[in-house]
Amino acid sequence: MKITLTLLSITSLLILSGERASAETWAYTDPNSPDQAWTGNLGLDFTVNQAIVVTGLGVFNPNGSQVVNAGPISVAIYDSNGNQVTPIAQFTNTGGLYALNPGGFDITQSIIATVLGPGNYSVVAVGFSAADPNGNVNLGSAGPATDDGGGLLTFTGVGRYDSNLSLDYPATCVGCVVPTQFDAGTFEFTATPEPGTFGMFGLGSALAFAIVRRGRKNRLAASA
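Just so it is clear, the model here is predicted, and its values are computed rather than measured.

*Asks:* Can you explain unusual backbone geometry? Please cite residues and give values.
*Replies:* Each neighbour pair has its own omega, and for Gly71 with Pro72 the value is -5°, a cis peptide bond. Inspection of the secondary structure assignment puts Pro72 in the loop between β4 (52-60) and β5 (73-79). A positive phi angle is found at Gln66, which is not glycine, with a value near 70°. One can find Gln66 in the loop between β4 and β5.

*Asks:* Help me get a handle on the pairing of strand β3 (residues 41-48), residues and values and all.
*Replies:* Among the eight residues in β3, eight count as buried, and that is most of the element. Residue alternation in β3 divides its side chains into two sets, Asn41, Gly43, Asp45 and Thr47 and Leu42, Leu44, Phe46 and Val48, and both sets are buried. Pairing analysis gives four bridges linking β3 to strand β13 (residues 159-162), with the strands arranged antiparallel. In the strand pairing of β13, Asn41 is matched with Asp162. Bridge count for β3 against strand β9 (residues 119-126) is seven bridges, and the pairing is antiparallel. Bridge pairing in β9 places Val48 opposite Gly119. The pairing of β3 with strand β12 (residues 153-154) spans two bridges and is antiparallel.

*Asks:* Quick one: what's the story with the nonpolar core, residue by residue and with numbers?
*Replies:* Of all hydrophobic cores here, the largest spans 32 residues; its most connected members are Phe46, Ile52, Ile77, Leu153 and Phe187. It is β4 that contributes the most residues to this core, five residues altogether. Ignoring anything within four residues of it in the chain, the contact list for Phe187 reads Thr25, Trp26, Ala27, Tyr28, Phe46, Ile52, Val54, Gly56, Leu57, Ile77, Val123 and Leu153. Ala76, Tyr78, Val124 and Leu167 belong to the second-largest nonpolar core, a separate cluster that totals five residues.

*Asks:* Break down the side chain of Thr186 for me, citing the residues and quoting the values.
*Replies:* Of note, Thr186 is situated in strand β15 (residues 185-191). Polar contacts involving the side chain of Thr186 include one to the main-chain carbonyl oxygen of Tyr28, which spans 2.7 Å. Beyond its immediate chain neighbours, meaning those up to four positions away, Thr186 contacts Trp26, Ala27, Tyr28, Leu57, Gly58, Val59, Asp106 and Val123.

*Asks:* Please give an account of the environment of Asn83 that cites residues and values.
*Replies:* Turning to its location among the elements, Asn83 is positioned in the loop between β5 and β6 (89-91). Overall, the relative accessible area of 40% leaves Asn83 in the partly exposed class. Spatially, the C-alpha atoms of Asn83 and Tyr169 are 7.7 Å apart, while their sequence positions differ by 86 residues. In this structure Asn83 touches Ile77 and Tyr78, once residues within four positions along its chain are discounted.

*Asks:* Please set out the sheet that holds β4 residue by residue, giving values where relevant.
*Replies:* If you walk across this open sheet you meet the five strands as β1-β15-β4-β8-β7, and the pairing is antiparallel. Of all the strands in the sheet, the pair left with one neighbour each is β1 (25-26) and β7 (99-100). Alignment of β1 against β15, held across two bridges, turns out to be antiparallel. Bridge assignment links Trp26 to a residue of β15, and that residue is Glu188.

*Asks:* Which residues make up empty space enclosed by the protein, and what values do they have?
*Replies:* Scanning the model with the defined rule gives one cavity of 30 Å³ or more in all. For the largest cavity, the calculated volume is near 50 Å³. In terms of lining residues, the largest cavity is bounded by Phe60, Asn61, Pro62, Asn63, Ser65, Val67, Val68, Asn69, Ile73, Ala131 and Asp132. The residue inventory of the lining of the largest cavity, partitioned by class, reads six nonpolar, four polar and one charged.

Rules and cut-offs
- Residues numbered from 1 in each chain as written.
- Predicted model: local features only at pLDDT ≥ 70, side-chain atom pairs only at ≥ 80, totals over all residues.
- Heavy atoms only, no water.
- Helix = DSSP H or I, 4+ residues; strand = E, 2+ residues; numbered from the N terminus.
- Buried < 20%, exposed > 50% of the residue type's maximum accessible area, 1.4 Å probe, protein only.
- Pairing = 2+ DSSP bridges.
- Core = buried A, V, L, I, M, F, W, Y, C linked by side-chain atoms within 4.5 Å.
- Contact = heavy atoms within 4.5 Å.
- Polar contact = N/O pair within 3.5 Å; in protein donor to acceptor, adjacent residues only side chain to side chain.
- 1 Å grid on protein atoms, 1.4 Å probe; cavity = no way out; pocket = protein on both sides within 12 Å on 5 of 7 lines; lining within 4 Å.
- Points joined across faces, edges and corners; volume = space filled by probe spheres on them.
- Nonpolar A, V, L, I, M, F, W, Y, C, P; charged D, E, K, R; others polar.

Structural data, given as structure tokens:
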């Protein structure tokens, strides 16, 4: 019984520690301010300061309706060399109701967890239209609110765009010096586990093994 209780205590400690280490954050949270029917690619640059895990992608949904009226709208993250580094999430008008992120004006999908190391990236979305408008600070939008996850990210980049109708890494937007230029794509992320976390899991496992081993020895001695 004592062994079982001790193991449960260790397990609980590890679970709670894991929860604290994996708080998830949405990088961009858009307001309800559609004002542009741009159909090409729209990107937002950001810098990763400490490795993160991207677990979800989202796109601007101006009415908070959870549906896409035309689409498809696609989104992915690219590195500064133009390489796609996450899976693509696609939102279609046949997808039914999509999940809303906490801000209420971005629809979201989970993706296969993807690690982004320190460096420069852009989250890019394409497929907006008059039926599914995006936002642009030059046309009156306030632009998305940002959350750097406690310093994991820095929003120092610029907005990007091109007129291509398929998802790609767009050319730099000349003169677009606001890092929240567009209401377009967003992503969910968390910090990668710190080395101390792995050490704590290892310590917990070692303690559990030692406790079980000691209990077995005690039982064998008692039966001798």
